[in-house]
Amino acid sequence: MGLNQFEQRLERLVEGVFAKTFRSGLKPVELARRLTREMDLHRVVGVSGLIAPNHFDIAISAADHEQFESYADALSRELSEAVRAHAREETYAFVGPVHVELHAEEGVGVGEFLVSSEILEAPGGAAVGSLSLPDGTRVVVGEEPVTIGRLPECDVVLGDPNVSRRHTEIRRQGNGFIVVDLGSTNGTKVNGAGVKERRLVDGDQITVGGTKIRFEAS
């Protein structure tokens, strides 16, 4: 997702209200640009490639914070997605979940902002993965597998007759994750190809019935 797409998504999200909120001149796309610069500036070389910061703190003025307070959660989610998209484009890896936090701080002028970043490992230093569902929900894949199916006890419940009761599972394996079809009637696909078991990489699209779920290594 490029920055133009990011801005368009924000505009659609609040049907133009968001733009009116930032009368001070503070623009969400500028926040996204600064976050991507932070990643480029503070990346480090790891064993398996470049590792980028995954935890970001954005300080803004109290007046600006008050103006868009009702949209703060949505903005944090979209900024986090911009960070993940930049990581995919630059093949950066993360060692923990992506988190973007905005808060009011004294001394920061209206329309200004300060950004700090750091690399924060997930608990135990384990691999980090999540599933992005079509409705925007994110499901973190931890020590326990994430089961997808029609049964109410599944972690991701899909009310689709083409989905089996226990259809597929996402499991941690070593330093990565795999998708395993649980003997479903209609099968599981990754990037359009049917699979029984497959190691997942960032951005893979898992299809279960008529639902497309994106795997993110963050």
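Scroll up to find the structure.
On a predicted model such as this, the values are computed, not experimentally measured, just so you know.

Take the overall build of the chain next. When helices and strands are tallied, the chain shows 5 helices and 16 strands. Split into buried and exposed, the 218 residues of the chain put 44% on the buried side. Surface summary for the chain: the accessible area is close to 11,400 Å², and the carbon and sulfur share equals 47%.

As a further point, take the sheet that holds strand S12 (residues 188-190). Paired through backbone hydrogen bonds, the strands of a sheet run either parallel or antiparallel to each other. Ordered by their spatial adjacency, 6 strands build an open sheet running S7-S6-S16-S15-S12-S13, and the pairing between neighbours is antiparallel. The open sheet is flanked by strand S7 (138-141) and strand S13 (193-195), the only strands paired with a single partner. Sheet twist, expressed as the average angle between the axes of neighbouring strands with direction ignored, equals 30°. Bridge count between S12 and strand S15 (residues 205-208): 3 bridges; the pairing is antiparallel. Among the inter-strand pairings, Thr 188 is bridged to a residue of S15, identified as Val 208. Sheet contacts for helix H5 (residues 72-90): S7 and strand S16 (211-216); angle to S16, the most-contacted strand, approximately 70°.

This paragraph deals with the environment of Arg 138. By the secondary structure assignment, Arg 138 is in strand S7. Among the residues examined, Arg 138 registers a relative accessible area of 31% and is labelled partly exposed. Among the polar contacts listed, one links the side chain of Arg 138 to the side chain of Ser 130, at a separation of 2.5 Å. A polar contact is formed between the side chain of Arg 138 and the side chain of Glu 216, at a distance of 2.4 Å.

A separate point is the sheet that holds strand S5 (residues 113-118). Strand order in this open sheet of 3 strands is S4-S3-S5, and the pairing throughout is mixed. Of all the strands in the sheet, the pair left with one neighbour each is strand S4 (99-104) and S5. The mean angle between the axes of side-by-side strands here comes to 20°, regardless of whether they run parallel or antiparallel. Summarising the sheet, strand S3 (residues 55-60) and S5 pair through 6 bridges and their orientation is antiparallel. Paired with Ala 59 across the strands is Leu 114, a residue of S5. Contacting S3, S4 and S5, helix H3 (residues 28-42) runs over the sheet at an angle of about 35° to S5.

Moving on, we get to H5. Residues spaced three or four apart along an α-helix face the same direction, because each turn holds 3.6 residues. An ideal rise of 1.5 Å per residue puts 27 Å on 19 residues; H5 measures up with 27 Å between its terminal C-alpha atoms. Most of H5 sits out of view: 14 of its 19 residues are buried. A positive phi of about 55° marks Thr 91, the residue just after H5.

Positionally, Ser 80 belongs in helix H5. Polar contacts involving the side chain of Ser 80 include one to the main-chain carbonyl oxygen of Ser 76, which spans 2.9 Å. Contacts of Ser 80, omitting those with residues within four sequence positions, involve Val 98 and Val 100.

Orientation of H3 relative to H5, taken along the N-to-C sense of each, is 40°, at an axis distance of 10 Å. In terms of their interaxial angle, H3 and H5 are classed as oblique. Along this stretch, H3 crosses H5, giving a crossing that reads as right-handed. Facing Pro 28, Leu 31, Ala 32, Leu 35, Thr 36, Met 39 and Asp 40 of H3, the residues of H5 in contact are Leu 75, Leu 79, Ala 82, Val 83, His 86 and Ala 87. Broken down by class, the residue content of the contact of H3 with H5 amounts to 10 nonpolar, 2 polar and 1 charged.

What counts and what doesn't
- The residue numbering used here restarts from 1 in each chain and proceeds along that chain's sequence as written.
- Local features in this predicted model are restricted to residues whose pLDDT is 70 or higher, and side-chain atom pairs enter the listing and the counts only when it is 80 or higher, whereas totals over whole chains, interfaces and linings include all residues.
- With hydrogens and water stripped out, all remaining heavy atoms of the structure feed into the side-chain values.
- Counting from the N terminus, the helices are DSSP H or I runs at least four residues long and the strands are E runs at least two residues long.
- Think of it in three bands: with a 1.4 Å probe and only protein chains considered, a residue is buried below 20% of the maximum accessible area for its type, exposed above 50%, and partly exposed in between.
- Values of accessible area rely on a 1.4 Å probe in the Shrake-Rupley scheme; residue burial ignores everything except the protein chains shown.
- Here, any two strands with at least 2 DSSP bridges between them count as paired.
- Structural elements are reduced to axes, namely lines fitted to C-alpha atoms, with helices fitted over the stretch in contact, and the angle between N-to-C directions of any two is expressed from 0 to 180 degrees.
- For this analysis, residues touch if any pair of their heavy atoms sits within 4.5 Å.
- Definition of a polar contact: a pair of N or O atoms within 3.5 Å, with one able to donate and the other able to accept a hydrogen when the atoms are protein atoms, and with sequence-neighbouring residues admitted only if both atoms are side-chain atoms.
- Between the first and last residue of a helix there are one fewer steps than residues, each counted as 1.5 Å, and that sum is the expected span.
- Oblique is the label for any angle not under 35 degrees, not over 145, and not in the 65 to 115 range, which are roughly parallel, roughly antiparallel and roughly perpendicular in turn.
- Two helices cross in a left-handed way if the nearer one is turned anticlockwise from the farther one by less than a right angle. They cross in a right-handed way if the turn is clockwise.
- Any residue outside Ala, Val, Leu, Ile, Met, Phe, Trp, Tyr, Cys, Pro, Asp, Glu, Lys and Arg is labelled polar, Gly included; the first ten of those are nonpolar and the last four are charged.

Everything listed here is a matter of coordinates, which is why it stays silent on function.
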